[in-house]
Amino acid sequence: MTRESHSTTGTHDAFPSPPPGCPAHGLGPGALHRLHEAEDLGELYEQLREQHGQVAPVLLHDDVPMWVVLGHTENLHMLRTPSQFCRDSRIWNPLLEGMVKPDHPLMPLITWQPICSHAEGDEHLRLRGAVTGAMSTIDHRGLRRHINRSTQRLVNRFCEEGRADLVDQYAEHLPMAVMCEILGMPDEYNDRIVEAARDMLKGTETAIASNAYIMDALMRLTVKRRAQPQEDFTTHLINHPARLTDEEVGQHLRVVLIAAYEATANLLANVLRVVLTDPRFRAQLSGGQMTVPEAVEQSLWDEPPFSAVLGYFAKQDTELGGQRIRKGDGLLFAPAPGNVDPRVRPDLSANMMGNRSHLAFGGGSHECPGADIGRAIAEVGVDALLMRLPDVELDCAEDELEWRQSMMSSHLVALPVRFAPKPPQDVLQKPGHASVPAQRATWQVGAPQAAQPAPAAATQPTDAQPPAPTPEAAPVAPEPARPKGPWRRFLRWWRGN
C-alpha cells in the first residue's frame, strides 16, 4: 500500500506525530528529522530506513520539506528516469511557495543555472556534449605522469620534517594542482585557490568572495584561451561544436574544477586514512593481495566523497520506494546510505574488490564525467606517497581523528603522520627510483655473486652532506634493487612512469 506523506504543497501533514518517547518526537513539523542538525547522519539514515523504508521524509534548513532516497535501487531509478525526475529546481514546490528564502543556506546549491548539471533535453545534450568532448581529449598516461610530479613537489615541502598533516598539506592540494594543470592554468595553483575552494564548500560568510576569486581566474583563462588556444581542457571546451559562450565556458569550468576538487580531496584523504589505520588493509596492499585501485574502489563503497547531493525534483506524480511522490517534490540523491543498503550489502565487512556498482559517481545522464580523473589522482597519489614515505605512520590515536560533517559530505579535518626524514627529490625523477642502492654483501639466494658491492648512486645534493661512516660504525646496507622484470615494468606503465 502506498503511504501518503507529502501534500500537494510539499508539506508533510499526512504523517501522524510519533508518540511521546519516540526519538523523533518534537524534532520538527510532522515530527520529521532535520538533516542539518543530525550528529551522526549514518545512524540517522538507518533509523529512517527502519521507520519509512527506502525513501524517507526529512527537513532541511528553515524546515523546508524534502525526501531522502536511501535505497540503492531507488537512487538508480531516480538518476536514470529523466521522464519522472530532473534537476531543475524551478519546479520545486517549496521554492515556488516562498518557503525557501533568498538567504537560505543551501540557495547556492538549489538555484537553477544554465549548466549541464541542471539542463534537460537538447540543451543538456549540447552542454554535456561539450564537457565530455573536452574530457575525451585528456591524455590519461600523461595525466598520471603529471600527478606523479605534483606528488613529488608536495612531498618535497614536508619530507625533511619527518611529520606532516596529509589532509592540509597533501590531500587538499594534490587535486587542485592537477585540475589547474588540466584546465590550462598551472600558474593559478597556489595556497589561495585551495583556500578559496574549501571556503566555498563550507558555506562561510566569505563564500561569495571566494567564489568570485575562483570565477575571476576562470573567466580570465577563458578570455586568454579564446585568443591563444593551447592543448588543454579549456581550449577544447571553447572549440567544441556546441559553441559555448564565454559565460557558459566559465561556469562549466567552475563545475568541473570544484566538483572534481572536493570529491577527489575527500577520496584521497579517506584512502590514506584507511591505509594508515587498518592493519589488515595495509597488509593486503603490501602483500600484493589488494592493489591501490582496488583500495580506492573499496573506499568509494564505504565512504563516498559526497554523502548526498541536492537535488532532484519530481516532474509528475509518481511512486518511489513505496512512497507517493507529488509533482514538484524535492529529493536528495544519497550515495552514502545507498551504498550500505542491506539488499545490496547484507554483510558490510565483505570485500567489494572488483565491484564498481557503487553510487559514488552518480549515474544516468548526470553521472560524473570525470570519474576516471578522480580515480587516477587517488590511485597515483596514494601509491606515489607510499613509495616516497614507506615508513609513514599515524601520529595520533585513531579515535582522535575528527571530521567536519555536513549534509553533503564528511571531510576529514586532519591526518597527522610521522616518518623518517627524507631528502627532497627531483620532481622529474620517478618516485622510488631516485637511486640504485648497494648490493647487500650477504645476499645469496637468486642473485649473482659480485666481487665488489655496487656503489650507491648519488642522490639529490643537500646543503650539508653527512660525514662518511667509519668502519667501526658502518650502517646496514640497504636492500638490493629489484630487477626490472615484467611485473615492475607493468607497474611503471600503470603509474605513468
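Owing to the predicted nature of the structure, the values given are computational and were not obtained by experimental measurement.

**Student:** Can you walk me through the nonpolar core in this structure?
**Tutor:** Among soluble globular proteins, nonpolar side chains are generally buried collectively. Grouped together as the largest cluster of nonpolar side chains are 80 residues, with contacts concentrated most on Leu183 and Phe233. Of the residues forming this core, the biggest block, 15 residues, is contributed by helix 12 (residues 246-277). Once you skip the residues sitting within four places of it in the chain, Leu183 turns out to touch Leu218, Leu221, Asp232, Phe233, Thr234, Leu253, Val256 and Leu257. Membership of the second largest hydrophobic core comes to 24 residues, among which are Tyr45, Ala56, Val58 and Leu60.

**Student:** Would you mind showing me how to read the packing of helix 8 (residues 174-183) against helix 16 (residues 371-388) here?
**Tutor:** The relative placement of two packed helices is expressed as an angle between their axes plus a distance between the axes. Relative orientation of the contacting elements helix 8 and helix 16 amounts to 130°, with a least axis distance of 11 Å. The angle between helix 8 and helix 16 falls in the class oblique. Between helix 8 and helix 16 lies a crossing of right-handed hand. Residues Leu174, Pro175, Val178, Met179 and Ile182 of helix 8 form the contact with helix 16, whose participating residues are Ile373, Ile377 and Gly381. When the residues that make up the contact of helix 8 with helix 16 are grouped by side-chain class, the tally is seven nonpolar, one polar and no charged.

**Student:** Help me understand the pairing of strand 2 (residues 65-69) in this model?
**Tutor:** Two faces make up the sheet, and in a regular strand the side chains alternate between them. Judged by how many residues are buried, strand 2 sits mostly within the fold: five of five residues are covered. Burial along strand 2 is two-sided: the residues Pro65, Trp67 and Val69 and Met66 and Val68 are all buried. Inspection of the sheet shows strand 1 (residues 55-59) paired to strand 2 by five bridges, in the antiparallel sense. Residue pairing for strand 2: Pro57 is matched across the bridge by Trp67. Linking two consecutive strands that pair antiparallel, namely strand 1 and strand 2, is a turn of five residues; a positive phi of about 60° is found at Asp62 within it. Bridge count for strand 2 against strand 8 (residues 330-333) is three bridges, and the pairing is parallel. By the bridge assignment for strand 8, Trp67 is matched with Leu331.

**Student:** Looking at this model, I keep getting lost on the sheet that holds strand 12 (residues 416-418). Mind explaining?
**Tutor:** Reading across the sheet, the three strands line up as 4-12-9 and stay open at both edges, with antiparallel pairing between neighbours. Taken across any chain shown, the strands that pair with only one partner, and hence form the sheet edges, are strand 4 (163-165) and strand 9 (393-394). Summarising the sheet, strand 4 and strand 12 pair through three bridges and their orientation is antiparallel. The residue of strand 12 that forms the bridge with Arg163 is Arg418.

**Student:** What is the right way to look at the packing of helix 8 against helix 12 in this model?
**Tutor:** Two elements in contact, helix 8 and helix 12, have axes separated by 8 Å at closest approach and are oriented at 150°. In terms of their interaxial angle, helix 8 and helix 12 are classed as roughly antiparallel. As helix 8 runs across helix 12, the sense of the crossing is right-handed. Listed contacts from helix 12 to Leu174, Pro175, Met176, Met179 and Leu183 of helix 8 are Leu253, Val256, Leu257, Ala260, Tyr261, Thr264, Ala265 and Leu268.

**Student:** For this particular structure, what's the right way to read the pattern of salt bridges?
**Tutor:** When charged atoms on two side chains of opposite charge get close, those side chains can pair. Counting across every chain of the model gives 27 salt bridges. The partner of Arg126 in a salt bridge is Glu248, and the shortest N-O contact between them spans 2.6 Å. Note that Arg126 is positioned in helix 5 (residues 121-135) and Glu248 in helix 12, a separation of 122 residues in sequence. Residue classification places Arg126 among the partly exposed residues on the basis of a relative accessible area of 24%. Residue class for Glu248 comes out buried when judged on its relative accessible area of 14%. Where Arg343 meets Asp341, a salt bridge forms, and the shortest distance between an N and an O atom there is 2.8 Å. On the basis of relative accessible area, Arg343 is assigned to the partly exposed category, the value being 48%. Through salt bridges that share partners, Glu46, Arg49, Glu74, Asp341 and Arg343 make up one connected network.

**Student:** Help me understand unusual backbone geometry in this model?
**Tutor:** Excluding glycine, most residues fall at negative phi; most peptide bonds, likewise, are trans. With an omega dihedral of -15°, the bond running from Leu310 to Gly311 counts as a cis peptide bond. Mapped onto the elements, Gly311 comes out in strand 5 (residues 309-314). Positive phi is not limited to glycine here, since Ala31 has a value of about 60°. Mapped onto the secondary structure, Ala31 falls in the segment before helix 1 (41-52). Unlike most non-glycine residues, Asp62 shows phi in positive territory, near 60°. Along the chain, Asp62 turns up in the loop between strand 1 and strand 2.

**Student:** What is the right way to look at the sheet that holds strand 1 in this model?
**Tutor:** Strand order across the open sheet formed by five strands is 1-2-8-5-3, with mixed pairing between neighbours. Edge positions in the open sheet fall to strand 1 and strand 3 (85-86), since each of these has one partner strand only. This element, helix 1, spans strand 1 and strand 2 of the sheet and lies at about 120° to strand 1.

**Student:** Teacher, can you tell me more about the packing of aromatic side chains here?
**Tutor:** Where two aromatic rings form a pair, the distance of their centres and the angle of their planes describe that pair. Applying the stated criterion across every chain, the model contains two aromatic pairs. Taken together, a centroid distance of 5.6 Å and an interplanar angle of 50° make the contact between Trp92 and Phe313 tilted. Remark: Phe313 occurs in strand 5 and Trp92 occurs in the loop between strand 3 and helix 3 (93-96); sequence separation between them is 221 residues. Per residue, the accessibility class of Trp92 equals that of Phe313, and both read buried.

**Student:** For this particular structure, what's the right way to read helix 10 (residues 207-227)?
**Tutor:** Given 3.6 residues per helical turn, the α-helix brings residues three or four places apart onto the same face. Taking 1.5 Å of rise per residue, 21 residues should cover 30 Å, and helix 10 covers 31 Å from first to last C-alpha, within 8% of that figure. Within the sequence span of helix 10, burial applies to Ala207, Ser210, Ile214, Met215, Ala217, Leu218, Leu221, Thr222 and Arg225. Considered in projection along helix 10, the buried side chains sweep an arc of 155° and stay on one side of the axis. Helix 10 presents Ile208 and Ala227 as exposed residues on the side facing more than 90 degrees away from its buried surface.

Thresholds applied
Residues numbered from 1 in each chain as written. Predicted model: local features only at pLDDT ≥ 70, side-chain atom pairs only at ≥ 80, totals over all residues. Heavy atoms only, no water. Core = buried A, V, L, I, M, F, W, Y, C linked by side-chain atoms within 4.5 Å. Buried < 20%, exposed > 50% of the residue type's maximum accessible area, 1.4 Å probe, protein only. Helix = DSSP H or I, 4+ residues; strand = E, 2+ residues; numbered from the N terminus. Contact = heavy atoms within 4.5 Å. Axes fitted to C-alpha atoms, helices over the stretch in contact; angles between N-to-C directions. Parallel < 35°, antiparallel > 145°, perpendicular 65-115°, else oblique. Left-handed = near helix turned anticlockwise from the far one by under 90°. Nonpolar A, V, L, I, M, F, W, Y, C, P; charged D, E, K, R; others polar. Pairing = 2+ DSSP bridges. Salt bridge = Lys/Arg side-chain N within 4 Å of Asp/Glu carboxyl O. Phe/Tyr/Trp six-rings, centres within 6.5 Å; stacked < 30°, edge-to-face > 60°. Expected span 1.5 Å × (residues − 1). Arc of directions from axis to C-beta.

Purely geometric numbers; function is a separate question.
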